[in-house]
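Observations on the model geometry
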Amino acid sequence: MAWFKRTRKPFASQADKSSRVPEGLWVKCPTCAQILYNKDLVANMQVCTKCGHHFRMNAAERLTLLFDGAYDIFDAELRSNDPLKFTDTKPYKKRLEAGIKATGLNDAVISATGTLDSIPVSISAMEYSFIGGSMGVVVGESITRAIERALAERRAMIIVCCSGGARMMEGTLSLMQMAKISAALGRLDRAHLPYISVLTDPTTGGVTASYAMLGDLNIAEPKALIGFAGPRVIEQTIKQKLPEGFQRSEFLLKHGMLDAVVPRTEMKQYLATSLRFFLD
Ligand SMILES: [Zn+2]
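The following paragraphs examine the structure supplied in this document. (Residues numbered from 1 in each chain as written. Predicted model: local features only at pLDDT ≥ 70, side-chain atom pairs only at ≥ 80, totals over all residues. Heavy atoms only, no water.)

**Focus: the overall build of the protein chain**
- Broken down by element type, the protein chain carries ten helices and nine strands.
- The C-alpha radius of gyration computed for the protein chain amounts to 19 Å, which stays within 12% of the reference 19 Å derived for 280 residues, consistent with globular compactness.
- Seen along its three principal axes, the alpha-carbon backbone of the protein chain occupies a region of about 55 × 50 × 40 Å.
- Counting all 280 residues of the protein chain, 45% fall into the buried class.
- Put simply, 67% of the contacts in the protein chain that link residues at least 6 apart link residues at least 24 apart.
- Split by element, the accessible area of the protein chain, about 14400 Å² in all, is 56% carbon and sulfur.
- If the 35 positive side-chain charges of the protein chain are averaged to one point and the 28 negative ones to another, these points end up 6 Å apart. (Helix = DSSP H or I, 4+ residues; strand = E, 2+ residues; numbered from the N terminus. Rg over C-alpha atoms; globule rule 2.2 N^0.38 Å. Buried < 20%, exposed > 50% of the residue type's maximum accessible area, 1.4 Å probe, protein only. Contact = heavy atoms within 4.5 Å. Areas by Shrake-Rupley, 256 points an atom, 1.4 Å probe, with all protein chains shown as cover. Lys, Arg positive; Asp, Glu negative; His and termini not counted. Charge placed at Lys NZ, Arg CZ, Asp CG, Glu CD.)

Now the structure itself:
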């Protein structure tokens with residue numbers, strides 16, 4: 001039952017706002033500018049029914065989409081203790097509090113186990129609304145434990161990436177997570193258990209530079225922004241104009257950085273077929 005209690009929370013904030021105009025009844029698609037009925041959008045997994053634009057999803061919705069039914073959440077109580085006492089334009093502590101309030105989560109990931117099309121899996125889904133889905137000590141620890149759980153219980157591992165990169169407010173401690181997670185994935189590989197990385201919009205920085213690209217399969221949703229450095233930084237460095245669609249899923253697939261671009265509506269079936277191929 002734990003999954004029920006926790007998955008409700010991220011949705012609650014939308015319903016809480018009382019207004020005379022029913023809020024969120026209609027949504028305008030940023031790609032085709034069509035006005036969509038929100039219920040249709042939800043029924044179609046947050047994919048525009050007119051043009052196929054993929055709206056951003058939160059971590060709980062991801063898990064609901066992929067698991068067959070109920071799932072068990074782990075390590076939800078882990079919380080950053082602001083080890084560097086970091087302050088930029090505002091104290092990191094305040095950013096953490098705001099993230100917790102906005103998402104109902106303690107950090108930018110939910111790790112859970114359950115079944116996907118009857119296959120035992122361990123899934124970590126990242127939450128962009130929590131400080132840009134950034135990877136700090138808690139994200140690193142939660143994902144590492146999820147991989148170790150997969151290893152102990154002989155489950156396949158899936159990480160749904162959605163991140164701005166490493167969490168600079170935790171300095172080098174956040175960068176260490178790249179190595180820690182990569183080492184755990186190495187152990188999973190030696191145990192012949194599959195790991196599939198699902199890259200969603202956006203996947204950038206230290207996450208791209210580590211586990212997002214370490215899957216036995218690296219698959220992305222259509223038109224997702226995927227990269228390490230931003231386009232402006234690259235243009236300034238190489239002093240060249242970047243081509244159209246640079247750092248989008250389709251471009252990366254064409255240049256061999258991804259194994260497939262899979263629409264969200266086909267994602268679960270694609271994962272199930274791939275996992276069976278690896279496990280048989
Ligand atoms: Zn559209």
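On we go.
**Remarks on the sheet that holds strand S3 (residues 72-74)**
- Strand order across the open sheet formed by seven strands is S3-S4-S5-S6-S7-S8-S9, with mixed pairing between neighbours. Each having just a single partner strand, S3 and strand S9 (260-261) make up the two edges of the open sheet.
- When strand S4 (residues 109-116) meets strand S5 (residues 119-126), the two strands line up antiparallel, connected through eight bridges. Across the sheet, the residue bridging to Thr 113 is Ser 122, located in S5. (Pairing = 2+ DSSP bridges.)

**What to know about the packing of aromatic side chains**
- Per the counting criterion, the structure on display carries four aromatic pairs.
- Aromatic pair Phe 67 and Tyr 71: ring centres 4.8 Å apart, planes at 25 degrees, arrangement stacked. One exposure class covers both Phe 67 and Tyr 71, and it is buried.
- Judged by centre distance (5.7 Å) and plane angle (75 degrees), the rings of Phe 246 and Phe 251 are edge-to-face.
- Classification of Phe 246 as partly exposed rests on a relative accessible area of 25%.
- For Arg 56, the ring lying beneath its charged end belongs to Tyr 128, and the centroid distance is 4.3 Å. (Phe/Tyr/Trp six-rings, centres within 6.5 Å; stacked < 30°, edge-to-face > 60°. Lys NZ or Arg CZ within 6 Å of the ring centre and 35° of its normal.)

**Describing the coordination of the zinc ion**
- Each protein donor to the zinc ion is listed here as Cys 29 (SG), Cys 32 (SG), Cys 48 (SG) and Cys 51 (SG); together their distances run 2.3 Å.
- One can describe the donor arrangement at the zinc ion as tetrahedral, given that its four donor atoms subtend angles of 106 to 111 degrees at the metal.
- Every donor residue of the zinc ion comes from the same chain, spaced as C-x2-C-x15-C-x2-C. In this pair, Cys 29 is assigned in the loop between strand S1 (26-28) and strand S2 (35-37) and Cys 48 in the loop between helix H2 (38-43) and helix H3 (59-66), connecting sequence segments 19 residues apart. (Donors = N, O, S within 2.8 Å, 3.2 Å for Na, K, Ca; no water. Tetrahedral: all angles 85-135°; square planar, octahedral: opposite > 155°, others 65-115°.)

**Things to note about the environment of Pro 83**
- Following the sequence through the fold, Pro 83 ends up in the loop between S3 and helix H4 (92-103).
- Residue Pro 83 is classed as partly exposed on the basis of its relative accessible area of 37%.
- The sequence separation of Pro 83 and Leu 279 amounts to 196 residues, and the corresponding C-alpha distance is 41 Å.

**Points about the nonpolar core**
- The biggest cluster of nonpolar side chains holds 34 residues, and the ones touching the most others in it are Val 139, Ile 143, Ile 147, Met 157, Leu 188, Tyr 211 and Ile 226.
- The next biggest cluster of nonpolar side chains, apart from the first, holds 28 residues, and it includes Ile 110, Ala 112, Val 262 and Met 267. (Core = buried A, V, L, I, M, F, W, Y, C linked by side-chain atoms within 4.5 Å.)

**Details of the environment of Ala 33**
- Residue placement: Ala 33 occurs in the loop between S1 and S2.
- We classify Ala 33 as partly exposed; its relative accessible area is 44%.
- When the C-alpha atoms of Ala 33 and Gly 69 are compared, they prove to be 34 Å apart, with 36 residues separating the residues in sequence.

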